[in-house]
Amino acid sequence: LAYQPIIRLKDGEIAGFEALMRWDHPKRGSIPPSEFIPVAEMSDLIGPLGLFAMDRAASNLMTWQHQTGDLPIFVSVNLSSAQLLNADLYNDVRALIQKTQVNPSQLKLELTESLMMENPEQARLVLAKLKETGLSLALDDFGTGYSSLAYLTQFPFDTIKLDKALVRDATEKRAVLLRSVIAMARALDMDVVAEGVETDEDAAELAKMGCHFGQSYLFGPPAAADAVLRLLKERFPLTKRA
Ligand code: C2E
Ligand code: CA
Ligand code: CA
């Protein structure tokens, strides 16, 4: 798993990380998730793989917490549709919280709408139960696909992640769209993360519009867990926080 920082736009501080899966193949090198996740989804491997991601992310977060003095950061893990439709998910997540002792308020799951569309009734039930454990839920890739606004009221999301396509829209209507979506999210009491922010100007503009967080190469590429620990120690020296 690699971890990409999610930055609070207001002060530029690290708020959390998204866990992104990589496959380090002995011959083919690093294989991106776009190649192996769809294959895993077509087989029965996505269940264990997705659970592995959640488990590893929670364990790494606990290590970072212990080593840095309980920083208030979160870790966000991607969830696949096959996982959501698996009857064991809720129990698996509960067991994982027990085992890793992670504080569920520091754990986020990211889902795309295509996932909910497959079976909205079941998705609603499972998400409501997951939410009861105290973790939070992010609607990923918002602004692509159908982005039905109904998902925002029908499912218990507390975070919207704006897709880079929306953030980077080259037309002059971009600002209107972004401002409206951010205002809507805020009115619904949701956090907003902008993906694919390319320049400092864009980051400043998004912050002014009320967007809470940003995630992109501008703020940092995905990095290994030990590099994250070094980064956290550097950014949050214990003396500064005392
Ligand atoms: P995503 O959830 O939208 O993740 C963000 C992707 O955008 C990541 O690609 C990240 O490296 C990339 N990215 C970040 N900043 C920038 C930027 O400034 N410019 C550009 N062009 N790209 C940026 P990555 O790591 O290749 O992941 C691709 C997708 O694979 C993810 O999209 C997610 O849907 C899926 N994925 C990754 N890990 C997992 C996992 O553990 N489980 C599941 N189910 N899906 C995963
Ligand atoms: Ca994601
Ligand atoms: Ca995304």
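Look up: the structure comes first, before these words.
Everything numeric here is computed off the predicted structure, so don't read it as measured data.

Conventions and cut-offs
- Residues numbered from 1 in each chain as written.
- Chains lettered and ligands numbered in written order.
- Predicted model: local features only at pLDDT ≥ 70, side-chain atom pairs only at ≥ 80, totals over all residues.
- Heavy atoms only, no water.
- Donors = N, O, S within 2.8 Å, 3.2 Å for Na, K, Ca; no water.
- Buried < 20%, exposed > 50% of the residue type's maximum accessible area, 1.4 Å probe, protein only.
- Near = heavy atom within 4 Å.
- Polar contact = N/O pair within 3.5 Å; in protein donor to acceptor, adjacent residues only side chain to side chain.
- 1 Å grid on protein atoms, 1.4 Å probe; cavity = no way out; pocket = protein on both sides within 12 Å on 5 of 7 lines; lining within 4 Å.
- Sits in = over half its atoms within 2 Å of the grid points.
- Helix = DSSP H or I, 4+ residues; strand = E, 2+ residues; numbered from the N terminus.
- Nonpolar A, V, L, I, M, F, W, Y, C, P; charged D, E, K, R; others polar.
- Core = buried A, V, L, I, M, F, W, Y, C linked by side-chain atoms within 4.5 Å.
- Contact = heavy atoms within 4.5 Å.
- Points joined across faces, edges and corners; volume = space filled by probe spheres on them.
- Phe/Tyr/Trp six-rings, centres within 6.5 Å; stacked < 30°, edge-to-face > 60°.
- Lys NZ or Arg CZ within 6 Å of the ring centre and 35° of its normal.

(A) Here's a closer look at the coordination of the calcium ion (ligand 3). Within the first shell, the calcium ion (ligand 3) binds the protein through Asp 140 (OD), Asp 141 (OD), Glu 195 (OE) and Glu 195 (OE), at distances of 2.2 to 3.0 Å. Sequence spacing among the residues donating to the calcium ion (ligand 3) works out to D-D-x53-E. On the basis of relative accessible area, Asp 140 is assigned to the buried category, the value being 8%.

(B) How the structure looks around the site of ligand 1. Contacts to ligand 1 come from 18 residues, most closely from Gln 4, Met 21, Arg 22, Ser 80 and Tyr 217. Met 21 places a polar main-chain atom, nitrogen or oxygen, 3.0 Å from a nitrogen atom of ligand 1. The separation between an oxygen atom of ligand 1 and a polar side-chain atom of Asp 141 is 3.4 Å. In this structure, ligand 1 is accommodated by the largest pocket. Of all the elements in the fold, those that place two or more residues in the shell around ligand 1 are strand S2 (14–20), helix H1 (33–42) and strand S7 (136–142). In terms of residue class, the shell around ligand 1 is built from 7 nonpolar, 4 polar and 7 charged.

(C) A look at the environment of Leu 188. Mapped onto the elements of the fold, Leu 188 is located in the loop between helix H9 (174–187) and strand S9 (191–195). In the structure, Leu 188 is positioned 58 residues away from Leu 130 in sequence and 20 Å away in space, judged by C-alpha atoms.

(D) Region of interest: the nonpolar core. Membership of the largest hydrophobic core comes to 69 residues, with the highest contact counts inside it found for Trp 64, Leu 111 and Leu 162. Among the elements that take part in this core, helix H2 (residues 46–68) stands out by supplying 8 residues, more than any other. In this structure, Leu 111 is in contact with Leu 79, Leu 84, Met 116, Leu 127, Leu 137, Ala 138, Leu 139, Asp 140 and Phe 157, ignoring residues within four places of it in sequence.

(E) Main features of the layout of surface pockets. For the largest pocket, the calculated volume is near 1,000 Å³. Forming the boundary of the largest pocket are 40 residues, of which Glu 18, Leu 20, Pro 33, Asn 78 and Asp 140 lie nearest the centre. Among the secondary structure elements, those contributing two or more residues to the lining of the largest pocket are S2, H1, H2, strand S5 (74–78), helix H3 (81–84), helix H5 (113–118) and S7. In terms of residue count, the dominant contributor to the lining of the largest pocket is H1 (5 residues). Of the residues in the lining of the largest pocket, the class split is 16 nonpolar, 12 polar and 12 charged. Estimated volume of the second largest pocket: approximately 170 Å³.

(F) Layout of the packing of aromatic side chains. Enumeration according to the criterion identifies 6 aromatic pairs in this entry. Judged by centre distance (4.8 Å) and plane angle (80°), the ring pair of Tyr 3 and Trp 64 falls under edge-to-face. Of the two residues, Tyr 3 sits in strand S1 (residues 2–8) while Trp 64 sits in helix H2, which places them 61 residues apart along the sequence. Accessibility expressed as a relative area gives 0% for Tyr 3, which makes it buried. Under the relative-accessibility criterion, Trp 64 is labelled buried at 2%. One aromatic cluster in this structure is built from Tyr 3, Phe 17 and Trp 64. Lying over the aromatic face of Phe 74, Lys 108 brings its terminal NZ or CZ to 4.9 Å of the ring centre.

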